[in-house]
Amino acid sequence: MTRIFIPKDIAALAVGANKVAAKIEAEARARGLSAEIVRNGSRGAYFLETLVEVETAEGRIGYGPIAPSDVVSLFDAGFLSGGAHALRIGKTDAHPFFARQTRLTFARCGIIDPTSLSDYAGLGGWRGLARAIEIGPAATIAEVTKSGLRGRGGAGFPTGIKWKTVADAPADRRYVVCNFDEGDSGTFADRMIVEGDPYALIEGMTICAVAIGATKGYVYCRSEYPHAAKTFSEALVLARQAGYLGSDVLGSGLSFDIEIRMGAGAYVCGEETALLESLEGKRGVVRAKPPLPAHKGLFQRPTVVNNVLSLVAAPTILERGADFYASYGMGRSRGTMPLQIAGNIRYGGLFETAFGLTLGEIVEDIGGGTASGRPVRSVQCGGPLGAYFPRDYFDTPFDYESFAARDGLIGHGGVVVFDDTVDMSRMARFAMEFCAVESCGKCTPCRIGSTRGVETVDRIRQGVKTAENLVLLDDLCQTMKFGSLCALGGFAPYPVLSAMRHFGEDFGPRALAAE
Amino acid sequence: MLGASTWNADRAQEIVDEHLSLEAPMLPILHALQEEFGYVAPEAAPLLAQALNLSRAEVHGVISFYHDFRHEPAGRHVLKLCRGEACQSMGSEELAEDLFTKLGLDWNRTTRDGELTVEPVYCLGLCASSPAALIDGEPIARLDATTLGEAVDEARGL
Ligand SMILES: Cc1cc2nc3c(=O)[nH]c(=O)nc-3n(C[C@H](O)[C@H](O)[C@H](O)COP(=O)(O)O)c2cc1C
Ligand code: SF4
Ligand code: FES
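Residues numbered from 1 in each chain as written. Chains lettered and ligands numbered in written order. Predicted model: local features only at pLDDT ≥ 70, side-chain atom pairs only at ≥ 80, totals over all residues. Heavy atoms only, no water.

1. Remarks on the site of ligand 1
All names here are of chain A. Taken together, 18 residues sit near ligand 1, with Gly-153, Asn-179, Asn-306, Asn-307 and Ser-310 positioned nearest. Between ligand 1 and the protein, one listed contact pairs an oxygen atom with a backbone N or O atom of Arg-152 at 3.3 Å. One of the side-chain N or O atoms of Asn-179 is found 2.9 Å from an oxygen atom in ligand 1. Expressed as a share of its isolated accessible area of 610 Å², the protein-covered part of ligand 1 is 91%. Those elements that place two or more of their residues in the shell around ligand 1 are β9 (303-307) and α19 (487-491). Across the shell around ligand 1, the residue classes tally to 4 nonpolar, 8 polar and 6 charged. (Near = heavy atom within 4 Å. Polar contact = N/O pair within 3.5 Å; in protein donor to acceptor, adjacent residues only side chain to side chain. Areas by Shrake-Rupley, 256 points an atom, 1.4 Å probe, with all protein chains shown as cover. Helix = DSSP H or I, 4+ residues; strand = E, 2+ residues; numbered from the N terminus. Nonpolar A, V, L, I, M, F, W, Y, C, P; charged D, E, K, R; others polar.)

As structure tokens, this is what we get:
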């Protein structure tokens, strides 16, 4: 029977994928055609959603973006055998957006039925875990260390070293905690893989458990992602039934299980110690370090806290080897990064590639420039705490060090594009407002400084004592940078300062005069 | 879609009891209470305090820390409109202003007929299809004033 793939990723549902699926099913029935509809995850080309694919002798042929009103014409065109249609993109894999990617972590995402265990195993699933069990904890940690994998949650800390610290800490219990808070606006890679390939996260966490000797794992999922939580919960049940979790993982005698917990709408709970407080049922207030979570984490036990993407990289590293993974990337940024190209962008979506493309290549060549057709003015990378870069910085290679050298950060890989209608003093105001709303309240510079920051930007925008207020804003930023305990207060100044530095003309008359 | 049932102490106690076997059950209980009643009533604090062996002030501190937990019932329909930067780059703030002018609303307010509450949300992970929102939990994206208005009307059965 012909198989038709229609994504159930939430971003596809948001543009009508369920209606498209219902329409295709009804139309097939009306025409007496038999076809099996598979609800896959998204391949990540969100500008093509709803992307309908048909399995043919030459491979999967894609049609997109399909609206419910296109369905009748698809059937008229004979799409079930790959027929010609204005929205036919040809072989999906050959589409430039996919052909240019290096999909290691996202290899299965959008291809398979997310919760099908046979699909997962059929495309390499569980091989990394089997190898970890075979070579044992020390060699598993050595492999992850050698791969050069750095935490994908933002701070870029070497994952293997974190695992080793936890493994070496004496304890009666150790925990693996997956940070699925994905609070950075402009990012959706964690969501996409959990919705599209949830067993990869289960496998990654279980590899970590083998490596550090953990018996229990938690996934802390932001409450904005109920759809992903549902898919993941289904996958947990099926994985447990099949013996991939539980008291005897893959027949190894190891015991490990995972529970998912929902956050409650606090950005700061993505910070690892606030996350642990929240998991323990408390206010999500940041803990002073030391002690590190690796020594005293969840319930005071040694705990690995890793981002989703760090954990889902582990199966590939174990299956194909550290050298294979490390052969991608540049400098001290090894492997691939799933870029999330978002905002005012023509070809927005998830693009996994080795580190090292320039920002200009990402925005213009891959993203195709703005959706509005107007010139790109500014790009914010690394979420709400990331700097705004002007076009002059389009030559910056996408890697941890190159961005840091320009006072920017790659963070979780979000790239948000703005056209020339953006008002950068308004974006600076928003950065301060966001910090004020989300501050955990522990330090004064963050809690009070951000509120003062909003007021100061407002005065600048009103033209009140612009010169003095620009100096005051700069001072406030310096105080927050150096007087905050965590990166929320400490990095919120970066979008503000970068907006002032690169887009001074948006900050009133004095700035204009200084140009 | 939101729990419209009124506060019921027995049902609340049941919900608390159902979760007590979990490690650190506070947040799961609060979510379950909000799911059931549409908000976390002040009466919940003493129940939780007793079950978890905490002071009422501690429980209140937790409830008030998290943006998700409502202290009063929301309107019959809830629109969560994204204010993240990606959505802003596609005009979400203007979209919100338009809607507020049309309905005489603001963030976290409910229309006078109790039909619609609009809440801000900071990213839904739909940033390549901005502007985005959830209406009664259902995702909608690539919004403009017309499609947002239609979605709101449809949810309200207009
Ligand atoms: C305010 C703030 C928010 C954060 N949000 C997230 C998040 O949503 N997801 C995440 O993985 N890391 C987030 N982090 C980073 C975590 O503190 C931590 O570095 C990370 O979870 C470690 O995992 P990794 O080594 O795999 O990156 C945040 C940090 C700060 C200061
Ligand atoms: S910088 Fe802000 S969010 Fe971070 S610990 Fe201090 S008050 Fe809390
Ligand atoms: S910024 Fe609006 S969905 Fe991410």
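Having put the structure on the table, let's press on.
2. Here we look at the layout of surface pockets
Residues and elements named next belong to chain A. Quantified by volume, the second largest pocket comes out at close to 1,300 Å³. In terms of lining, the second largest pocket is formed by 50 residues, of which the most central are Gly-153, Gly-154, Ala-155, Gly-270 and Ala-487. Mapped onto the lining of the second largest pocket, the elements with two or more residues apiece are α7 (159-168), β9, α15 (400-405) and α19. In terms of residues, the lining of the second largest pocket owes the most to one element, β9, which gives 4 residues. Among the residues forming the lining of the second largest pocket, the class breakdown is 20 nonpolar, 17 polar and 13 charged. (1 Å grid on protein atoms, 1.4 Å probe; cavity = no way out; pocket = protein on both sides within 12 Å on 5 of 7 lines; lining within 4 Å. Points joined across faces, edges and corners; volume = space filled by probe spheres on them.)

3. Considering the environment of B:Ala44
Within the fold, B:Ala44 resides in helix α3 (residues 44-52). Those residues in contact with B:Ala44 that sit more than four places away from it in its chain are B:Trp7 and B:Leu33. (Contact = heavy atoms within 4.5 Å.)

4. What to know about the interface of chain A and chain B
At the junction of the two partners, chain A supplies 61 residues and chain B supplies 37 residues. With both sides pooled, the region where chain A packs onto chain B buries about 3,700 Å², and carbon together with sulfur makes up 57% of that total. Taken together, the links from chain A to chain B amount to 25 residue pairs in polar contact (both at pLDDT 80 or more). Looking at the side of chain A that touches chain B, the elements that each hand over two or more residues are α1 (10-13), β7 (216-221), β8 (257-262), α11 (272-279), β12 (336-343), β16 (414-419) and α16 (424-438) of chain A. (Buried area = accessible area lost by both parts, 1.4 Å probe.)

5. Quick word on empty space enclosed by the protein
Residue and element names in this part refer to chain A. Here the structure, examined in full by the defined rule, presents 5 cavities of 30 Å³ or more. Taken together, 13 residues line the largest cavity, and the ones lying closest to its centre are Val-286, Cys-440, Cys-443, Cys-446 and Cys-486. Its residues placed into classes, the lining of the largest cavity shows 8 nonpolar, 4 polar and 1 charged.

6. Considerations on the nonpolar core
Residue and element names in this part refer to chain A. If you look at the biggest cluster of nonpolar residues, it comprises 148 residues, and the most contacted ones within it are Trp-163, Leu-201 and Ile-202. Top element by residues in this core is helix α9 (residues 198-212). It accounts for 11 residues. The contact partners of Ile-202, leaving out residues within four places of it in the chain, are Trp-126, Phe-232, Ala-235, Leu-236, Ala-239, Leu-245 and Ile-258. (Core = buried A, V, L, I, M, F, W, Y, C linked by side-chain atoms within 4.5 Å. Buried < 20%, exposed > 50% of the residue type's maximum accessible area, 1.4 Å probe, protein only.)

7. With respect to the environment of A:Leu87
All names here are of chain A. Residue placement: Leu-87 occurs in the loop between α3 (71-76) and β5 (88-91). A relative accessible area of 22% places Leu-87 in the partly exposed class. Setting aside its immediate chain neighbours within four residues, Leu-87 contacts Gly-62, Tyr-63, Gly-64, Pro-65, Ile-66 and Asp-70.

8. Some remarks on the site of ligand 2
All names here are of chain A. Taken together, 13 residues sit near ligand 2, with Cys-440, Lys-442, Cys-443, Cys-446 and Cys-486 positioned nearest. Judged by the proximity of its atoms to the pocket grid, ligand 2 belongs to the largest cavity. The residue makeup of the shell around ligand 2, split by class, is 8 nonpolar, 4 polar and 1 charged. (Sits in = over half its atoms within 2 Å of the grid points.)

9. Here's the deal with the environment of A:Gly414
All names here are of chain A. Take Gly-414: it is sitting in strand β16. In sequence terms Gly-414 and Cys-221 are 193 residues apart; their C-alpha atoms lie 18 Å from each other. If near-sequence neighbours (up to four positions away) are discounted, Gly-414 is found in contact with Gly-186, Thr-187, Gln-340, Gln-380, Cys-381 and Gly-382.

10. Considering the packing of aromatic side chains
All names here are of chain A. A complete count under the given rule lists 29 aromatic pairs over all chains for this structure. Through successive ring pairs, a cluster of aromatic residues spans Phe-47, Phe-97, Phe-98, Tyr-347 and Phe-351. Positioned above the aromatic ring of Phe-5, the side-chain terminus of Arg-60 is 3.5 Å from the ring centre. The aromatic ring of Tyr-225 is capped on one face by Arg-222, whose charged end is 4.8 Å from the ring centroid. (Phe/Tyr/Trp six-rings, centres within 6.5 Å; stacked < 30°, edge-to-face > 60°. Lys NZ or Arg CZ within 6 Å of the ring centre and 35° of its normal.)

11. With respect to the side chain of B:Gln34
All names here are of chain B. Along the polypeptide, Gln-34 turns up in helix α2 (residues 26-37). Polar side-chain contacts of Gln-34 include one of 2.9 Å to the backbone nitrogen of Arg-70. Not counting residues within four places of it along the chain, the set of residues in contact with Gln-34 comprises Tyr-39, Val-40, Asp-68, Phe-69 and Arg-70.

12. Considering helix α2 (residues 17-30) of chain A
All names here are of chain A. With 14 residues, α2 should cover 20 Å at 1.5 Å per step; its first-to-last C-alpha distance of 20 Å lies within 8% of that length. Restricting attention to buried positions, one finds in α2 the residues Ala-17, Val-20, Ala-21, Ile-24, Glu-27 and Ala-28. Angular distribution of buried residues about the axis of α2 spans 135 degrees; they occupy a single face of the element. Projecting away from the buried face of α2 at angles above 90 degrees are the exposed residues Lys-19, Arg-29 and Ala-30. (Expected span 1.5 Å × (residues − 1). Arc of directions from axis to C-beta.)

13. As for the pairing of β16(A)
Residue and element names in this part refer to chain A. Of all the 6 residues making up β16, 6 are buried; the element is thus mostly covered by neighbouring parts of the structure. Here β12 pairs with β16 via 4 bridges, running parallel. Across the sheet, residue Ile-341 finds its bridge partner in β16, namely Val-415. Bridging between strand β14 (residues 376-381) and β16 involves 5 bridges; their strand directions are antiparallel. (Pairing = 2+ DSSP bridges.)

Just geometry here; none of it tells us what the structure is for.
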